[in-house]
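# Fold and geometry: a report
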Amino acid sequence: MAASKIDIKLYKTQEWVDWCPGCGNFGILNAEQMALAELGLDPKRTVIVSGIGCSGKIAHFINVNGVHTLHGRAVAFATGIKLANPELEVIVNAGDGDQLGIGVGHFVSVGRRNVDITVIVHDNGVYGLTKGQAAPTLPRGVKTKALPEPNINDAINPLLLALASGYTFVARTYAYDVKHAKETIKAAITHKGLALVDVLQPCPTYNNINTKEWYDKRIYKLENWDPVVKSESEIEDKITKAYLKAREWGDKIPIGIFYQNEAVPTYEDRVEERVSTYLKNPPAKQEIDKNGRFVTSIENIVKNKRVV
Amino acid sequence: MAASKIDIKLYKTQEWVDWCPGCGNFGILNAEQMALAELGLDPKRTVIVSGIGCSGKIAHFINVNGVHTLHGRAVAFATGIKLANPELEVIVNAGDGDQLGIGVGHFVSVGRRNVDITVIVHDNGVYGLTKGQAAPTLPRGVKTKALPEPNINDAINPLLLALASGYTFVARTYAYDVKHAKETIKAAITHKGLALVDVLQPCPTYNNINTKEWYDKRIYKLENWDPVVKSESEIEDKITKAYLKAREWGDKIPIGIFYQNEAVPTYEDRVEERVSTYLKNPPAKQEIDKNGRFVTSIENIVKNKRVV
Amino acid sequence: MVKITWMIGGPQGSGVDTSATVFGNALARAGYYIYGNREYHSNIEGRHSYFNLTISDKPMHSISDDINILVTFEAETIFQHFREVHDYLFYNKALESTKLSTINSIERETAEEIEAFLESVNVPPTVEGVLGYLRGRGVKLIPVEYDKILMAVAEEMKLSVATISRSRNIIAAAVSLRLLGLDKKYLAEAIRGLFKNDLFVKANLLAADKAYGLAEPAYGLKEIPVSGHRVQLDGNTAVAMGKIAGGVRFQSYYPITPASDESVFIEANQVVDAVDPDTKESRKVGIVVLQTEDELAAINASIGAALTGARASTSTSGPGFSLMVEGLGWAGMNEVPVVVTYYMRGAPSTGLPTRSGQADLLFSMHAGHGEFPKIVIASGDHVEAFKDAIWAFNLAERYQTPVIHLVDKSLANAYSIIDESELDYSSMRADRGKIVIPDGSYKRFQFTDDYISPRAFIGNAVMHYTGDEHNEEGHISENSANRIKMYEKRMKKLELADKEIPEESRLNVFGEGDVAVITWGSPKGAVMDAMEELKQDGISMQLIQLRMFNPFPRNLVTKLLKGKSKIIDVENNYTAQAASLVASSTGIQPTNYILKWNGRPITRTEIRNAVKTIMEKDEKRVILSGGQ
Amino acid sequence: MVKITWMIGGPQGSGVDTSATVFGNALARAGYYIYGNREYHSNIEGRHSYFNLTISDKPMHSISDDINILVTFEAETIFQHFREVHDYLFYNKALESTKLSTINSIERETAEEIEAFLESVNVPPTVEGVLGYLRGRGVKLIPVEYDKILMAVAEEMKLSVATISRSRNIIAAAVSLRLLGLDKKYLAEAIRGLFKNDLFVKANLLAADKAYGLAEPAYGLKEIPVSGHRVQLDGNTAVAMGKIAGGVRFQSYYPITPASDESVFIEANQVVDAVDPDTKESRKVGIVVLQTEDELAAINASIGAALTGARASTSTSGPGFSLMVEGLGWAGMNEVPVVVTYYMRGAPSTGLPTRSGQADLLFSMHAGHGEFPKIVIASGDHVEAFKDAIWAFNLAERYQTPVIHLVDKSLANAYSIIDESELDYSSMRADRGKIVIPDGSYKRFQFTDDYISPRAFIGNAVMHYTGDEHNEEGHISENSANRIKMYEKRMKKLELADKEIPEESRLNVFGEGDVAVITWGSPKGAVMDAMEELKQDGISMQLIQLRMFNPFPRNLVTKLLKGKSKIIDVENNYTAQAASLVASSTGIQPTNYILKWNGRPITRTEIRNAVKTIMEKDEKRVILSGGQ
Ligand SMILES: Cc1ncc(C[n+]2csc(CCOP(=O)(O)OP(=O)(O)O)c2C)c(N)n1
Ligand SMILES: Cc1ncc(C[n+]2csc(CCOP(=O)(O)OP(=O)(O)O)c2C)c(N)n1
Ligand code: SF4
Ligand code: SF4
Ligand SMILES: [Mg+2]
Ligand SMILES: [Mg+2]
């Protein structure tokens, strides 16, 4: 679906962006709009499927199809959209609470399918829109602004979880490094298969621990790092390295593409294997009637049920 | 709660065990009953929380408290039971579909809490009780008996997922090696923290691929393998080794304890840190009234709300 | 009119279903109609299951409690069903000495109940005892030496007995056919039609041959010439076929009894023929069938698919539907045409997963927080199940809102032989509602006079959806005036549907009389068949079968019920849910109730007796308890 | 009777709430009662929010549309609310030239509506224009130079203006207090009572001092001596306090508006004092508050906790409740006393997450597949919310079944000053139902005469639970007779509750008259306060406030409604859900409806006007639309 670069303004809606001043989401929004523009994606054939949270509102700010779904369920909606019409470019945007808390079951399960969509996690460590409770990526013992006591749960590592679940593209970026974020999102969209982009996203309102200052000191870009699996035999080595690298957190936090493997067939490929006309004539594009008369013949099916 | 070894018969109910002849669940049932007996667990203070599936019926066959819950939700029930009364020994038994499909969100999330319970997965690769659809551990391309086409999804690796989720005890065993299964279950119960026991469980009725014969040829026991983290500094090394070992599958399938770390505080410890009387006087054991008169005083709370 | 009831029982997994299917198909070939019910435990192997068939020269829609012929292989079926049989019992001679107390697979409550009965009639709790009891009541006992026949077949074919052990079912069918007086060639044809494996075809034919002579013709059935084709249908298949014909292109599901057979059927037929109705040009196209990780994903994936223009649906039963209600609300809020086929089983909670019920009506009417339009329809027989599956899509797309299609488990698993012409699928029409491909800018939720906005598919325009209250563009809006208007827009679609859909098409009326019977779903068949019989008892009734609950055919129901001397409500639940909807819509309360909640279908025998009790004693609430 | 309406508005996150709280507390200290409503967008910073307070010398339970004093800091609030204000407007002088079109945070529909209005009255869409318009209508305009005062304070304290920018809210409170004629010492006390940080206390006191003189006393309020204590409550806190007093020991939740504040409050108070009522011996004990990964886990964890004997509950609103219905069914099937506090917000779907509604009643009544007993209660004010939280636990344990406690968002977020004695918590009693510690073998689901089985806790006996139909031991049973009996056992508990719970306690009746008003939840307050006013208009009404919907007080409602000349149903929903329950239970339909579904609370002004319209014109359905 790549085309030539398009003016970024075309990807902006008229809606007022009602995030808090300084919110990391602005960086994600910019990066994503730039990525869409640079890839020249057709707004009609591009869909942002978002969850519920501050992050989820992004679907209203980008001028492509926007499906602002339910808390935790964006990936499920996105799967239906993509499989019914594989010609669409489908991007999921949702919060860490949304995708790694209430939605983590879908987050993991879509890994088994390798559907060709891009999953972007707005990783701010808190439940923003419900006023700052601890989200699944907040480490234990950390007491952000709105918590009555330090966080009682351990943090989940989105990259590790994605690797364990079968994602074929696993990356991390940073909301305030818009260029890096844009490039990472572009790579994820271009990737053939299921892609995770975990975006470290400061929430100045509720996460007073993992702030811009905090991240700026720690973040570094992966260098001399080739994440791409080029043959079967490389998988073991590259995924192992990715596992180890993904565990790095603390004084130094790597960003970049940790792992990429396009050798795994996408779900769409797998369907095509069963139904040879699937990609050419997917569900959404089939005419099911002609002037009201159905075109699907069940004659053979009925015959199979005949007893006389 | 350990006591002296008790006659295994005490752990059997009167219910007819209605699994198919040759079902791997019989091995799990035996192993679990033996484990309970050898640990001398008090049936009144032991709870089996099960899911829905062939596997879920196990709660009716063992003569301790049995809570046969909802499909996918056993871990959530178990968490409530354990936290309300941490004196209870709580064991979750459920299928691979139950825990790694519909329930995988809870499976992952309980890892962040390290609740001191034991999670046993009856891993048969199929949805047994609904007549043999593909479960999340069935590899792609495999066509078990009831599938109209080869399985379209990749398999999830329960051990990797547990490691990524924060389980502090991760093991695999085999239903037809009852002794190994028993010892593994005992170790898991004894472990202080959240324990996974993935039990390879042949389903002769629907899984005609991963049969007893298939497993017997491949399974080997971990040897010269010390999974136990003895100090902070060992974590990185041991968990990395566990990750790598857990990926081994195919011609050789290791069973045993892959990883164990008791240094992570349990959720109960974390609550105790906030409420110093919690373990001595947990929710379930508190008297909330005396002859109908409530004992909880809200005087200080009300005072805080006084404006005059 | 021929009406013979035949029952076969045996442990789950032993082929009882196959037996009934082969037998039924053989009868169909001889020109007979069949209606049968499958009853089984939530268990894979070993628990008692049975099939209860009515054989008739007229189309049947129900089963009966009075069994003419009971076919058994083992002891449990004899103990479970001996009180129902009137004419013939086939049994395995080798089991005569079996004691009730040695049967592990029987549930304690059931064993105790049987034991208590046997004690009360002074019969020892053994097969022998029961046989004696039956003999005393005039039931003819036909011992069958299954094992001997199997051994003979095995020997002849040089196979082990284990390999062909399932031919036991054919033996039962063969003897039964003979007893009825029908030619064994029908069975041979049925065997050839059903089994793909040559070895099994041969073994079964041999077994049939050897068994056929074991009984003497007793019922004197004659072959009936058949004009046109007949098909064998169960409810799951009927819905699946309806969906395929109706253009489903995306079906998501999570395995659950008794819904998943429908999805598995669609998956097995996912490559379909698309034929131009004018040129007759045909090509292969595909349906995506997605097995999701849970029902939350199932409904939401289907909604996603529907947004792209594919006709999309999902199928489930109670536990799964409970997980779908949040998604349903999103679809209502976003005016998405998604169809949910809701198979009702024994509830609440896990309940009786393989048994039936009709206790989910009010839940489905009010499912999901807040108010949004949903259309609720319910099928009463297999032909309706087929046609309603198509209707559901048309309604969903016309009114751009979710449609819930209720099918009870009895209907889903029931087996019937019907005239193929009844399906009448070539006359079915698609109504896709207001679909547009916009030129320029597009408002998905545009206010219009009839409250329905032109609908474009994602891919053909840029549009926005949200579960939040929204403006015409689909962007979040908390503005009060917009909220009032947009909310009303959604709700008014239901009022529009109420105006547009003829009330006559929302219910069926059968018969005439001073007494009205209200029912819905599978009990329709029992009532209809009982009505025939009651006429002979001098009781004439009018059956009102409700087919659409939302929007409810208020005026017509009021008109029909006014002035009736009695209104009898028949439902497979405890609280008479349809009756409460009738009452809240029309103000009219039934005078009497016939209710059943033991998970077993209502039989025509039960209706007949209950109606008589009501007519004679005006009993307010007759509780039925038939079925093992 | 004093009744002054005060409103303050400003962007989310700018401290409007604090302002209203400080001001209200100051008034309370001067002896006044307060009832206030918080209105805000689903947004963290920047969107318009406001607080509407009624000040009175009598306890109040509602707000009004007629604003006496409107306090603003910025332009949007002026544009949003100028049409409501009658007496005084405080505004920031610096903003006079602001144009409506430059305000980004205002929603398009709202801006267009305001613009259209201004055009219709020939006023330019600027603050200046609006001020002129107000002046023309006799509203007094009081410019406040917030920034100047803040700068002065900052200078004096050697701090940056940014640090103390929130003292702006105190300025507003101080001027308002002066206008009312009350002493500034009340504000000083309120500031000291509310702020913990000395720096802020000092800055706020200084700001108050500097601002107090900016207005002249106009309302002449006098200090009213107070006997006894008064507390400031909102609905979330009232429920939390009730639960704590009532012995909750396990609370699970997943964050959601407007429910989670309750759980956060319990967590912040999780170490509680257990005091022996005889010896007065006190010790610290703990409540477990578990933030789960989703609402599926929340309800199921609470059910698990309840099995061990802990009083357990969970709190949520629509989207979360939609995910809880499967768990609810399990609890019903297993006779588990679990309490679900259901905060109703603007629905369906995500809806208007921070606004109110009463559209979840029928859903909560029928939630979950199949039939099981659930008790449904609804609170009408803060004191009821407190007491009902305790009642819910007692009902749950007595009838061993889930209880749903409905609280609407308006009530949850409303702020009131009440007499502490109204809580009357020392007279509340615990009813834990039939609890046993068995000696020997134990049957959890033993059949008994009153259908309630002795309940032992896991830990004290061995027992079995299952969502499948089960026998007395809790083991799976598909036996028909057991099914019929066990199902009936569960359902009969509701009939028992219906017998045992006096119908008088299931509803409240206020006033007398020929006209009945039916309502439930927060609209109770608006109706009660409007009734006072309507009496002066010569209209006497009887208010029937429904408090328990299941089991429904059928006889009493029938008795009360019979013979009324008019029955007016008042609800915050579209389909008049409570009315439909009244109709299906009693056969009596309301004659008129007052309905509102724009997410804003019903005001006493609206009720007064609507009732008059109904009395004069007999309008069938009056739709309310008040609130921004
Ligand atoms: C089923 C359900 N439960 C709870 C909520 C309430 N809710 C709205 S936003 C949100 C959390 C948002 O956190 P996150 O996903 O991290 O997004 P963020 O706001 O931080 O971007 C929650 C819990 C909901 N909308 N639906
Ligand atoms: C919410 C819900 N969805 C679906 C089902 C139907 N169901 C019953 S058992 C089962 C699958 C069992 O598979 P697994 O968990 O692997 O257990 P097994 O039978 O293989 O032991 C399913 C899907 C259910 N009970 N509840
Ligand atoms: S609360 Fe946090 S995440 Fe939400 S808009 Fe504000 S800064 Fe951003
Ligand atoms: S279906 Fe499979 S898992 Fe279930 S009881 Fe039979 S063999 Fe065991
Ligand atoms: Mg977040
Ligand atoms: Mg399984």
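Fair warning: this is a prediction, and the values are worked out from it, not measured in the lab. (Residues numbered from 1 in each chain as written. Chains lettered and ligands numbered in written order. Predicted model: local features only at pLDDT ≥ 70, side-chain atom pairs only at ≥ 80, totals over all residues. Heavy atoms only, no water.)

## Some thoughts on the interface of chain D and chain C
- The interface is formed by 72 residues belonging to chain D together with 72 residues belonging to chain C.
- Buried surface at the junction of chain D and chain C, both sides included, amounts to about 5,900 Å², of which 54% is carbon and sulfur.
- On the chain D side of the interface with chain C, the three residues burying the most area are H369, E478 and Y574 of chain D, jointly 14% of the side's total.
- The salt bridge partner of E478 of chain C is R355 of chain D, with a shortest N-O separation of 2.8 Å.
- Linking chain D with chain C are 51 residue pairs in polar contact (both at pLDDT 80 or more), by the criterion used here.
- Those elements that provide at least two residues to the side of chain D that touches chain C are α3 (108–120), α12 (318–333), β13 (338–346), β14 (352–356), α13 (361–366), α16 (480–500) and α19 (577–586) of chain D.
- For the side of chain D that touches chain C, the element with the highest residue contribution is α16 of chain D, accounting for 11 residues.
- Tallied by class, the residues present in the side of chain D that touches chain C amount to 25 nonpolar, 29 polar and 18 charged. (Contact = heavy atoms within 4.5 Å. Buried area = accessible area lost by both parts, 1.4 Å probe. Salt bridge = Lys/Arg side-chain N within 4 Å of Asp/Glu carboxyl O. Polar contact = N/O pair within 3.5 Å; in protein donor to acceptor, adjacent residues only side chain to side chain. Helix = DSSP H or I, 4+ residues; strand = E, 2+ residues; numbered from the N terminus. Nonpolar A, V, L, I, M, F, W, Y, C, P; charged D, E, K, R; others polar.)

## What to know about the site of ligand 1
- What surrounds ligand 1 is a group of 23 residues, the closest being C54, S55, D96 and D98 of chain A together with E295 of chain D.
- Neighbouring residues of ligand 1 are distributed over chains A, C and D.
- Interatomic distance of 2.8 Å between a backbone N/O atom of D98 of chain A and an oxygen atom of ligand 1.
- One of the side-chain nitrogen or oxygen atoms of N124 of chain A is found 2.9 Å away from an oxygen atom of ligand 1.
- Listing elements by their share of the shell around ligand 1, those giving two or more residues are α3 (96–102) and β5 (126–127) of chain A together with α12 of chain D.
- At 4 residues, α3 of chain A tops the list of elements feeding residues into the shell around ligand 1.
- Residue composition of the shell around ligand 1, grouped by class: 11 nonpolar, 8 polar and 4 charged. (Near = heavy atom within 4 Å.)

## Comments concerning the sheet that holds strand β23 (residues 566–571) of chain C
Residue and element names in this part refer to chain C.
- Taken together, the 6 strands give an open sheet; going across it, the order is β19-β21-β20-β23-β24-β25, and neighbouring strands pair in mixed fashion. A single partner strand is all that each edge strand has here, and the edge strands are β19 (507–510) and β25 (621–623). For this sheet, the mean inter-axis angle between neighbouring strands, taken without regard to orientation, is 20°.
- Two strands pair when backbone bridges link them, and β19 and strand β21 (residues 541–546) are joined in this way by 4 bridges, in the antiparallel orientation. Opposite N508, over in β21, you have Q545 as the bridge partner. (Pairing = 2+ DSSP bridges. Axes fitted to C-alpha atoms, helices over the stretch in contact; angles between N-to-C directions.)

## With respect to the domain arrangement of chain C
Residues and elements named next belong to chain C.
- Each assigned domain of chain C is listed here: domain 1 (3–212), domain 2 (233–423), domain 3 (434–501) and domain 4 (507–623).
- Taken together, the contacts link 4 residues of domain 3 with 5 residues of domain 4.
- In this assembly, domain 3 packs against domain 4 so that about 320 Å² is buried in total across both faces, 68% of it on carbon and sulfur atoms.
- The largest per-residue losses of area from domain 3 upon contact with domain 4 belong to L494, D498 and I501, which jointly make up 95% of the total buried on that side.
- There are 0 salt bridges connecting domain 3 and domain 4. (Domains from an automatic or database assignment.)

## Topic: the relation of the copies chain B and chain A
- Overlay of chain B on chain A (RMSD 0.0 Å): rotation 180°, translation along the axis 0.0 Å. Put plainly, the chains are arranged around a two-fold axis. For chain B, the minimum C-alpha distance to the rotation axis belongs to G105 of chain B and amounts to 2.0 Å.
- Most of the interface of chain B is mirrored in chain A, where 100% of its interface residues are also at the interface. (Least-squares fit on C-alpha atoms with pLDDT ≥ 70 in both.)

## Brief notes about the environment of D289 of chain A
Residue and element names in this part refer to chain A.
- Along the chain, the position of D289 falls in strand β12 (residues 289–290).
- Judged by its relative accessible area of 17%, D289 is buried.
- Along the sequence, D289 and L36 sit 253 residues apart, while their C-alpha atoms lie 35 Å from each other.
- Only 2.9 Å separates the side chain of D289 from the backbone nitrogen of G292, close enough to count as a polar contact. (Buried < 20%, exposed > 50% of the residue type's maximum accessible area, 1.4 Å probe, protein only.)

## Here we look at the coordination of the magnesium ion (ligand 6)
All names here are of chain B.
- Taken together, D96 (OD), N124 (OD1) and V126 (O) make up the protein donors of the magnesium ion (ligand 6), found 2.2 Å from the metal.
- Sequence spacing of the donors to the magnesium ion (ligand 6): D-x27-N-x1-V. One end of the pair, D96, is in helix α3 (residues 96–102); the other, N124, is in the loop between β4 (118–123) and β5 (126–127), with 28 residues separating them in the sequence.
- Overall, D96 belongs to the buried group, its relative accessible area being 1%.
- The exposure class of N124 is buried, given its relative accessible area of 10%. (Donors = N, O, S within 2.8 Å, 3.2 Å for Na, K, Ca; no water.)

## Notes on unusual backbone geometry
Residues and elements named next belong to chain D.
- That bond from A347 to P348 is cis: its omega, 0°, falls within 30 degrees of zero.
- P551 follows N550 through a cis peptide bond whose omega is -5°.
- The residue P551 is located in the loop between β22 (548–550) and α18 (554–561) in this model.
- A positive phi angle is found at K158, which is not glycine, with a value near 55°.
- Following the sequence through the fold, K158 ends up in the loop between α5 (146–157) and α6 (168–180).
- The exposure class assigned to K158 is exposed, which follows from its relative accessible area of 74%.
- Positive phi outside glycine occurs at K280, with the angle close to 65°.
- We classify K280 as exposed; its relative accessible area is 57%.

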